[in-house]
Amino acid sequence: MKKTVEEHAARFSEKAAEYDDSKSDEYHACASLVVDYADPDSDDVVLDLGAGTGAIALALAPHAERVLARDISEGMMEEGRRKADERGLANVEFAYGEFREPEVDSDQPIDIVTSNFALHHLADDEKREAIREMAATGARRIVLGDVAFFEEPDPDAPFYGPEVDDPATVGTLVEAFTDEGFAVTAVERVHDQVAVIVAERLGDRGEDAERGTARSR
Ligand SMILES: C[S@@+](CC[C@H](N)C(=O)[O-])C[C@H]1O[C@@H](n2cnc3c(N)ncnc32)[C@H](O)[C@@H]1O
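The chain appears in an unreviewed UniProt entry as Methyltransferase type 11 from Halorubrum lacusprofundi.

If you want it as structure tokens, here you go:
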């Protein structure tokens, strides 16, 4: 990670009020694909990591039983809570949680994990830890939209700020999901540096989703 968790949190809290107005077409395309692929049933619980101001969490809430939105930036989550109130969405919970420690009760069933434009702040070994943690929730599906390289990194191109961002290659992310027992069922190339990866759990979910053992530390 090129900045500490605290530095990232402060950076995002500072720009939280303007965050929603500053997004690119590729960001919107990516977010829209994450929402479409997440496709929760009405009794599903969704965990959205790096939830920010709630782009994904608030879009999924009307279709899910509950959405747990986790982020490290109080300022970003304040915006998210405000928008949830405005829209009358009572089934979204914004609370502090870091990718590798999402602060979800070990007996809380999670059906789908989502994350959009956030995991690239972590170094590759930290991303692997985060993906291991996503898998340990027992979720049947993980949908990740993020800055990720299909080709050689180009620090001069958009989406990639070398001083704060640390994107992986798409191959590294796909491998991390398959290593955790997931099949990667879709990879969408939104841009040379923006990918949506859809991972579905292989085999019997019940075996891996021993909540207490998989996640309690
Ligand atoms: C570019 S914003 C994306 C927010 C939202 N997912 C969206 O699609 O608009 C990145 C978010 O990731 C959060 N973040 C950065 N590092 C994190 C970490 N280690 N754990 C959890 N969230 C993190 C930031 O606070 C910020 O809200």
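Undergrad: What's the story with the pattern of salt bridges in this structure? I'm lost.
TA: Between side chains of opposite charge, a pair can form when the charged atoms approach closely. Within the structure shown, the criterion is met by 18 salt bridges. Linking D44 and R140 is a salt bridge whose minimum nitrogen-to-oxygen distance equals 2.6 Å. Placement of D44 in the loop between helix 2 (25-38) and strand 1 (45-49) and of R140 in the loop between helix 5 (124-136) and strand 5 (141-149) is noted, with a sequence separation of 96 residues between them. The exposure class of D44 is buried, given its relative accessible area of 3%. In this structure, R141 and E200 form a salt bridge, with 2.9 Å as the shortest nitrogen-oxygen distance. Separated by 59 residues along the polypeptide, R141 in strand 5 and E200 in strand 8 (residues 194-201) bring together distant segments of the chain. By relative accessible area, which is 13% here, R141 ends up buried.

Undergrad: Can you help me understand the site of the ligand in this one?
TA: Neighbouring the ligand are 19 residues; Y19, Y27, G50, D71 and E98 lie closest to it. Residue F99 places a main-chain N or O atom 3.1 Å away from a nitrogen atom belonging to the ligand. Contact between the ligand and N116: a nitrogen atom at 2.8 Å from a main-chain N or O atom of the residue. Notes on the ligand: free accessible area 600 Å², of which the protein chains cover 98%. Tallied by class, the residues present in the shell around the ligand amount to 11 nonpolar, 6 polar and 2 charged.

Parameters and conventions
- Residues numbered from 1 in each chain as written.
- Predicted model: local features only at pLDDT ≥ 70, side-chain atom pairs only at ≥ 80, totals over all residues.
- Heavy atoms only, no water.
- Salt bridge = Lys/Arg side-chain N within 4 Å of Asp/Glu carboxyl O.
- Helix = DSSP H or I, 4+ residues; strand = E, 2+ residues; numbered from the N terminus.
- Buried < 20%, exposed > 50% of the residue type's maximum accessible area, 1.4 Å probe, protein only.
- Near = heavy atom within 4 Å.
- Polar contact = N/O pair within 3.5 Å; in protein donor to acceptor, adjacent residues only side chain to side chain.
- Areas by Shrake-Rupley, 256 points an atom, 1.4 Å probe, with all protein chains shown as cover.
- Nonpolar A, V, L, I, M, F, W, Y, C, P; charged D, E, K, R; others polar.

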